[in-house]
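# Observations on the three-dimensional arrangement
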Amino acid sequence: MQLESAYPVIVTDAIGACRDFYVRHFGFEVVFESSWFIYLASKANPVLAIAFMSPDHPSSPPGPEKFNGQGMFFTLQVSDAALEFQKVRQSGARIAYELRDEPWGQRRFGMHDPSGTWVDVVQQIEPAPGFWDPYMKSA
């Protein structure tokens, strides 16, 4: 299989609000928009994308019910989580998980988008000494 792209499609009634959220807070831009489908890509790296689809999408494959906000999250890895945290906070977005350094080696903060999807903004940092030892397979 020769993949050209891969992106999540979230089924939601809030496609316009999701569009605005990712454009305003995370620098995505609209690549395609119709009344029932919106495809966004990162301005900085267009291969990074996300799409939103209305529940009444005419080409909907079998099974995609409206997303209920549970069971998945969308990670945005950045080079400076503290800087992005300040930008998002200043934009007026509601942050649900304040910036902190996690012992497994991430500086992160998080929030919900209008569809209910958890957006996890992370920067890779050094883990606490020995944190991963109990979790790694022995050779």
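For the structure, check the block above.
What this report covers is the structure whose coordinates are included nearby. (Residues numbered from 1 in each chain as written. Predicted model: local features only at pLDDT ≥ 70, side-chain atom pairs only at ≥ 80, totals over all residues. Heavy atoms only, no water.)

What follows deals with helix α2 (residues 81-90). For α2, the full list of buried residues reads A81, F85 and V88. Taken around the axis of α2, the buried residues stretch over an arc of 70°, which confines them to a single face. One or two positions beyond α2, positive phi appears at G92, with a value near 95°. (Buried < 20%, exposed > 50% of the residue type's maximum accessible area, 1.4 Å probe, protein only. Helix = DSSP H or I, 4+ residues; strand = E, 2+ residues; numbered from the N terminus. Arc of directions from axis to C-beta.)

Turning our eyes to something else, we now look at the sheet that holds strand β4 (residues 49-53). Read across the sheet, four strands follow the order β1-β4-β3-β2 without closing on themselves; strand pairing throughout is mixed. Unpaired on one side and paired on the other, β1 (9-11) and β2 (28-33) mark the two borders of the sheet. Direction aside, neighbouring strands of the sheet carry axes that sit 25° apart on average. Looking at chain direction, β1 and β4 are connected through three bridges and run parallel. Directly across from V9, in β4, lies its bridge partner A51. Together, β2, β3 (37-42) and β4 form the strand contacts of helix α1 (residues 15-26), whose direction differs from that of β3 by roughly 10°. (Pairing = 2+ DSSP bridges. Axes fitted to C-alpha atoms, helices over the stretch in contact; angles between N-to-C directions. Contact = heavy atoms within 4.5 Å.)

These results come straight from atomic positions and should not be treated as a statement about function.
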